[in-house]
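Examining the three-dimensional arrangement
Residues per chain, in single letters:
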Amino acid sequence: MSTLYIVATPIGNLNDLSPRAVEVLKSVDYIACEDTRKSGHMLQHFGISKPTFSFHQHNEHRKVAHLMNILDANQDVALISDAGMPGISDPGFLAVRAAQQGEHTVSVIPGPDAATTALVASGLPCDRYVFEGFLPHKKGRQKRLGQLAEEKLTIVIYESPNRLLKLLGELEEHFEPERLAAVARELTKKFEEVVRGTINELKTEFEQRDSIKGEIVVIVSGKGYSE
Ligand code: SAM
């Protein structure tokens, strides 16, 4: 029986890689990376030199078989994504399921993820929340936004910078424009910021900017919440 380690990696600040994560990455036989080149920089920074192979959303199904061959040959594998916790809007779930079905041990090494970091930083209620991840780009998007508008718990949405204004416009349309929300950008990085306000105010704020760059999480308070 071998072990598949699911290892959370930094969402921006390399110092957020835990000592246990380093220890595990140094101990395994292989490291499965979402992007071997991107992870290569981080691994090099920590002096970790292990055989890597790619494991991303386009080859995940095929690579699960490869991963299982390694585990079945009594070798341990660590799975990492480009940032944060594998499996959270990133490949990971299929690997965990296959390893468990193959009676291997799955051990998660916890660490940073953008969703909970943004949620807590938003100052909105975080005892109970809904993780939406990325909304569908086209089909089903408007319907999902309509459903989320009725949600009473705080909602966490991942969004790319070039679609932020579109999303804020859609939120204004489907939700009450005075609903409280926050945009968390570049968390743990040099230009980290958390902008709070009503959906309306956030849209105005970001419309005024020359450009919107970096990685973004949008947090929206649940229906009926007020301060
Ligand atoms: N597995 C990752 C995690 O645990 O958070 C999420 C991966 S998902 C492909 C990437 C998205 O996470 C980005 O588009 C953005 O919404 C969010 N994200 C990642 N890093 C971030 C950061 N430093 N600041 C804000 N959002 C971030």
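Going by the structure above, here's the rest.
Keep in mind that this is a model prediction, so the values were computed, not measured.

Turning our eyes to something else, we now look at the environment of glutamate 60. Position of glutamate 60 relative to the elements: it lies in helix H3 (residues 60–72). Along the primary structure glutamate 60 and alanine 95 are separated by 35 residues, whereas in three dimensions their C-alpha atoms are 8.2 Å apart.

Pairing is parallel across the open sheet formed by five strands, whose spatial order is E3-E2-E4-E1-E5. Each edge of the open sheet is held by one strand with a lone partner, namely strand E3 (52–54) and strand E5 (105–109). Ignoring strand direction, the axes of neighbouring strands in this sheet form an average angle of 25°. The pairing of strand E2 (residues 30–33) with strand E4 (residues 77–80) spans four bridges and is classified as parallel. Within the sheet, the bridge partner assigned to cysteine 33 lies in E4 and is isoleucine 80. Sheet contacts for H3: strand E1 (3–7), E2, E3 and E4; angle to E3, the most-contacted strand, approximately 155°. Running over the sheet, helix H4 (residues 93–101) touches E1, E4 and E5 and is turned about 160° from E1.

What follows covers the environment of valine 64. Looking at the element boundaries, valine 64 is found in helix H3. Overall, valine 64 belongs to the buried group, its relative accessible area being 13%. A C-alpha to C-alpha distance of 7.2 Å links valine 64 and leucine 94, two positions 30 residues apart in sequence. When neighbours within four sequence positions are excluded, valine 64 is seen to be in contact with Phe55, Leu94, Ala95 and Ala98.

As a further point, take the packing of aromatic side chains. In the structure shown here, the tally under the stated rule is three aromatic pairs. Taking the centre distance of 6.3 Å and the plane angle of 65° together, the rings of tyrosine 30 and phenylalanine 53 count as edge-to-face. Separated by 23 residues along the polypeptide, tyrosine 30 in strand E2 and phenylalanine 53 in strand E3 bring together distant segments of the chain. By relative accessible area, phenylalanine 53 is classed as buried at 7%. Aromatic pair phenylalanine 134 and tyrosine 158: ring centres 5.6 Å apart, planes at 65°, arrangement edge-to-face. A residue pair is termed long-range when its members are at least 10 positions apart, and phenylalanine 134 in strand E6 (residues 129–134) and tyrosine 158 in strand E7 (residues 154–159) qualify at 24 residues. What makes tyrosine 158 buried here is its relative accessible area of 9%.

Conventions we followed
Residues numbered from 1 in each chain as written. Predicted model: local features only at pLDDT ≥ 70, side-chain atom pairs only at ≥ 80, totals over all residues. Heavy atoms only, no water. Helix = DSSP H or I, 4+ residues; strand = E, 2+ residues; numbered from the N terminus. Pairing = 2+ DSSP bridges. Axes fitted to C-alpha atoms, helices over the stretch in contact; angles between N-to-C directions. Contact = heavy atoms within 4.5 Å. Buried < 20%, exposed > 50% of the residue type's maximum accessible area, 1.4 Å probe, protein only. Phe/Tyr/Trp six-rings, centres within 6.5 Å; stacked < 30°, edge-to-face > 60°.

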